[in-house]
Amino acid sequence: MKTKISLLLMLFVSICSFAQQIEINGIVTSESDGMPLPGASVIVKGTSRGTTTDFDGKFMISAEVGEEIEFSYVGFVPQVIIVSGKTEINVTLKDDIASLSEVVVVGYGTQKKADLTGSISTVKSEDIAKTPSANVMQSIQGKVAGVQVVSSGSPGGSPTVRIRGVNSYKGGATPLYVVDGMFYDTIEFLDSNQIETISVLKDASSISIFGQAGVNGVIIIETKNGRTEQKPVFTYNGYSGYQNAQNVVKMANAEQFVTMAYESNSQPDIDFVNNAMQRFGRSRVNPNVPDVNTDWYKEILRVAPITSHGIGVTGGTERTTYSVNANYFSQEGILDMKNEYERFNIQSNIAIDLSDRLKIGTNAIFSNATQYNPENGAWFQAYFAVPILPVYDYSNTQATSTPFSDATLLGYRGSQNPFPTMTYNNNQLKIRKVLTSMFLEYDVVPDKLKFKTSYSHDYSTISERNVRSPYYISGQSQREVSNIRRAELKYSKQIWDNTLTYSDSFGDHNLTVMAGSSYRDYQDNAFSATGNDIQGIGLESSWYLNFADPTSFSDQVNEIGDRQYSIAYFGRLEYSFKNKYLVNATIRHEGDGRFPRELWVTTPAVGLGWVISEEDFMPSNDVLSFLKIRAGWGQLANGFLGGSAGTRTVSQVTTDIGDVPTNGILTTNTFRNLKREILEETNFGISSRLFNDKLSLEVDYYIRDTKDLVLPKDTPITAEVVDANIGEMRNQGLEIAANWNQRINDNWSFSVGGNIATLKNEVTRIDSEQGYFDTGSAEFRQRLIVGEPVNAFYGWEIEGVYQNPDQVAADPTAQYEANENNNSLIPGDFIYKDQNNDGKIDDQDRVVLGSYLPTFTYGGNINVSYKNFDLSVAVSGQTGNKILNRKRGEVIFTNDTNIDADFAVNRWHGEGTTNSYPSSEGRRKAWNQKMSSFFVEDGAYFRVQNIQLAYTIPAKALGENMPEVRFTCTAERPITVFSYNGFNPEVSNGVDRQTYPVPAVYTFGVNIKI
C-alpha cells in the first residue's frame, strides 16, 4: 500500500513539474560573425506566447518543460530547441544565403539576395534612426555608394537626392519613393523610427519594372510591422536637442571695411564712412572708424531646438499582424524669425489572413504639418550689409514700428539691413496628407499561382498664407500697403496595380513569372488670390482676404489645374538553375497621354548572374564563401517632361521696307512635341563574402546613356526657343562597398564599413549649329558643351595678379586693353589666361571651370559594442565638384557693400602680398568682375556625419516588470572640413547665392520597449 502511494506521489510531482512554466533567458547571435541579432523572433510553437530579442540579441520567455521554442531571423536558418528545464539558452543561427531574399524588396515582390542580378543597396533601421531630421533621406547620406544626398538646413526642407548623377537636363532628378507599396514623390511625412529598411535600386535592370516614374532611381521603404503570434510590443522613441550653425562665414569687420574703403580711392565710400562716424560716433579704439562693428550673421542666427516623440504598438495573432504608431516632430530654424516646422503623424498597418488562401491588408498614414518658410533673402542681405551699420538706429525717429537702421541714411544705395525682411514677413504653409492603400492577395493555386490587386491614394493639400505687413524705415526702405496672398493647392494620385505571379521549382530549376498592369490617375489644382491693404493687420485673426481692399483683387486671382493618365503592362521572369545560373528579364509597355507624338513606349531589361562559389571547381574554404558575378542591361523612359505644350500664333504686322509701310504676317511657334527621353544602362557587378562571412564586398561599374535628351532649340527667323529631343548625355562610374563584422568575445564586438563611388558626367551630343547651349545668367554663365558636364561653369581662368607697373607694361593683353578698350590695368588687377595666344582677352578665352556634380563621393562607419554600451561613428565626403560663390560675385551689381573677411585679409595691397586676390580698388572694376575661376571655388569636403553613444538597460534588469530602455547621445554633422568660403559646401545646384546653412544637431534620446 505504501509503495502504491509513493508511486502516485512521484507521478503527481512529475506531472506538476512538467506543467510548470519556467522563465528562460539567453542571447541569439549570428554564427558567421558572432554579432547579436536584434529583433529575432522567439516563439513557443503551437502557442501565442512569443517575444523578440532586444538590441543586444537578448530575450526572456516563459515556457513549459517539453515545449518547443522556435528561433528565427530574416536571412538565417530557423532553429527549434526543446525546453529541458534549463533557465538559460543561448542560440547561434546559421546564415542561410538562400533565404537572404526576404530582406530585399524589389518591384512588385521580393527576391532572394543570392539571386539578385541588379545593383541594390539596403540600409537598416538601426542606422536610419540615428539621424535627427524631418526627412528620413538625410539618414542615408554617405551610407550608399553612388547616392548623393545634399542636405537642407531649412526646417521641413527636403534634401536633394541624386542616384548615379543626373539623367536629364530638364526632366528632373527626383527618385521614386515606394513606401509599403505606395508611390510618392517626397517622403517628408515619414517618421524615421518606424522604418525597417531602405533599399536603393540603382541600375536600369532593377528599376525597369517601375517604368518612367523610376527613371531617376527607386527607393523602397518598408515600415515596421508586427509578426504573427507576437504579443503586443509597446515602444516609445523620443529625443530633444538643439541646432547650431557651423562654419559661420566671417565677414570683414568695421576696421577692415574702412581700410578697404580708403584703399578703393572711392570718394563716395569714404564719405559714407564719415557719415557713419557723424551719426554713430567714433570708435574709442580707432577714432578713424565708426563706433559700430556689427557681425550681421551673428545677429540673424540663433540656437534652435529640435524634438521628436513617437509611440507605437506592434503585434499579431495567428492570422493577423498589425502596427499603429503616432509621432510628433518639431524643429525651429536657425534664422531668427518666424521659421519653423511642426508635424503630427499617425500610421497604421494591418494584414489579415481570411483563409489559408486569401489575405487582405491596409496601410494608412495621416500627416498634419505646419511650416513657416524663411525669408532666404536675409542670407543675401546679411552678406552684403556693411559692419558700420547697427541693427537699430534710435536716431531714426521716423521709423515705424521698429527703429531699424538703414544704410541709405548713410548714403548707400540699398537699405542692407535684413531685419525688416525677417520681421514684417510671415509665410505659413499648412500641409495635410491622407495616404491610404489596400490590397487583396489570393492563392489561385496554393504555393504556385498568386493574384494580387492593390489600390493606393495620395491626397494632399497645401494651404498657403503669405502676409507682408507695412513698415517705414526710410524713403528707400518701406512698405506702404500691407499685402496678403492665399493659395490652396490640392494633389490627388491614384494607383491601381494588378499582378499575377507563378512560382515553381522542379529539379534544379527555380522559376518565377509575373505579369501585371498599372493604372495611374494624377490630378492637381491650384487656386490663389492676392489682396492689399488689410484692415487690422496687427491681429492674426485679420489675415484673411475678406479683410483686404476688395478693389485690389483685380488681375490677382488665378486658378490652374491638370489631370494626367497613364497605363502600363509589365512582366518579369526570374529563373535560376542549380542556384548558380541566374536570369532576370523584365519588359514594360507604357502609355501616357502627355506624349501624343509617341503615346506608347516599350522598355526591356535583362539581368544575368553566375554564382561561381557554387561551382565544383570552387571548393569550400574559409577565405571565399560566396562569389557572384552580375551583369545587367535595361532601358527606361523619362516621363517627367510633358510631351506637348505651347501655342502656335499668327499675327499681322506693319513694317517699313524702303521707307514704305508694308503689311505682313508674322508666325510664332512655341509649340513643342516631344517624345520621351530614353535612359539606357549597362551594369557589371561582383558580390562576395570572405573570411567566414565576416567581410562582404559589392562592386559595380555602370555606363548610363540618356538618348533623345531634351534641350532648348533656337527656331529660325523668330529666334524663339523651343524644347526638342536633340541631345545625348552619359553618366558612368565605379561603386565599391565593403563591410566587416566580428564578435571578439561575449563583451566586445565591432563592425567597420565603407563605400566609394566615382562619377563622370558629360554631354555627348547636341544637334545644333553652334554645338552648345548657354545656361545660367549672362553675368554668371553656365554652358552645355559636348564632352563636358551638364551645366558646366564657364568663364575666364585667373593666372595671377599684376604686382607692379613693369609687369603691366610687359603684358600684351594689358597693352591691348589700354590701346583698344581704353582700359588701363594697374597692379592689383587680375591677369587672365590668354587661351588662344592672340594677345587679347575676349569671349574666345573662356573655358570650362568645373561642375557642381562631384566626381568622387565616399562614406564610412565604425560601430563598437561593449556589454550594454555601443558607440558608432559615420563619416562622409566628396571631391571634384565646384561651387559658384555668386554672393561674392554680385559685386558686379553694386560696389558699396561689405565683403567676407577672407577677401579682406588676403586682398592685394602691395607687391608680393598675394597672387590670387584683387585689390580693394580692383574689386570694384568691371575687369575683375568677370565670371572667372576666382568665383568658382572647390566644393570638396570631409564630414563627421554622425556620432552616437548609447547605453541599453535590458528588459527586467532592474525589476520583474521593468521594460527595455535605451539612452542615446547623438551629434549629427558636428565637424565639417572644407575650403569653400561659405557656411557649408552642400549647394544643390552649385550656385550659392542665398543658401540656407545646414546646422549641426545635438540630441539626447530615450527609447523604451515593453
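Only a predicted model underlies this, so the values are computations on that prediction, with no experimental measurement involved.

(A) Highlighting the environment of Y544. Mapped onto the secondary structure, Y544 falls in the loop between β27 (509–532) and β28 (557–577). If sequence neighbours within four positions are ignored, Y544 has contacts with I484 and R486.

(B) Just the confidence of the model for the chain, in detail. When pLDDT is averaged along the chain, the result is 90, and 94% of the positions lie at 70 or above. In this model, residues 97–103 is a region of pLDDT below 50 whose contacts with residues beyond four sequence positions or in other chains number 16 contacts.

(C) A look at the packing of aromatic side chains. Counted by the stated rule, this structure contains 32 aromatic pairs. Note on F272 and Y412: the rings are 4.6 Å apart at their centroids and 55° apart in plane angle, and the pair reads as tilted. Linking F272 in helix α5 (residues 267–280) with Y412 in the loop between α7 (377–384) and α8 (419–423), this pair joins segments that are 140 residues apart in sequence. Each member of the pair, F272 as well as Y412, is classed as buried. When the ring of F691 is compared with that of W740, the centres are 5.9 Å apart and the planes differ by 40°; the resulting orientation is tilted. With a gap of 49 residues between them, F691 in the loop between β36 (677–690) and β37 (695–714) and W740 in strand β38 (residues 721–743) connect regions that are remote in the sequence.

(D) Geometry of the sheet that holds strand β2 (residues 41–44). A sheet is described by the order of its strands in space; here four strands give the open sequence β3-β2-β5-β6, paired in antiparallel fashion. At either end of the open sheet lies a strand with only one pairing partner, and these are β3 (50–52) and β6 (79–82). Neighbour-to-neighbour, the strand axes of the sheet open up by a mean angle of 20°, direction not taken into account. Here four bridges tie β2 to strand β5 (residues 68–72), and the two strands are oriented antiparallel to one another. What sits directly across from I43, in β5, is E70.

(E) Fine view of the sheet that holds strand β13 (residues 176–179). In spatial order, the strands read β10-β15-β16-β13-β14; together these five strands make up an open sheet with mixed pairing. A strand with exactly one partner marks an edge of an open sheet, and here the two such strands are β10 (120–124) and β14 (182–184). Neighbour-to-neighbour, the strand axes of this sheet turn through a mean angle of 20°, independent of strand direction. Where β13 and β14 come together, three bridges link them in antiparallel fashion. Note on β14: the bridge partner recorded for V178 is F183.

Reading guide: rules and limits
- Residues numbered from 1 in each chain as written.
- Predicted model: local features only at pLDDT ≥ 70, side-chain atom pairs only at ≥ 80, totals over all residues.
- Heavy atoms only, no water.
- Helix = DSSP H or I, 4+ residues; strand = E, 2+ residues; numbered from the N terminus.
- Contact = heavy atoms within 4.5 Å.
- pLDDT = per-residue confidence, 0-100.
- Phe/Tyr/Trp six-rings, centres within 6.5 Å; stacked < 30°, edge-to-face > 60°.
- Buried < 20%, exposed > 50% of the residue type's maximum accessible area, 1.4 Å probe, protein only.
- Pairing = 2+ DSSP bridges.
- Axes fitted to C-alpha atoms, helices over the stretch in contact; angles between N-to-C directions.

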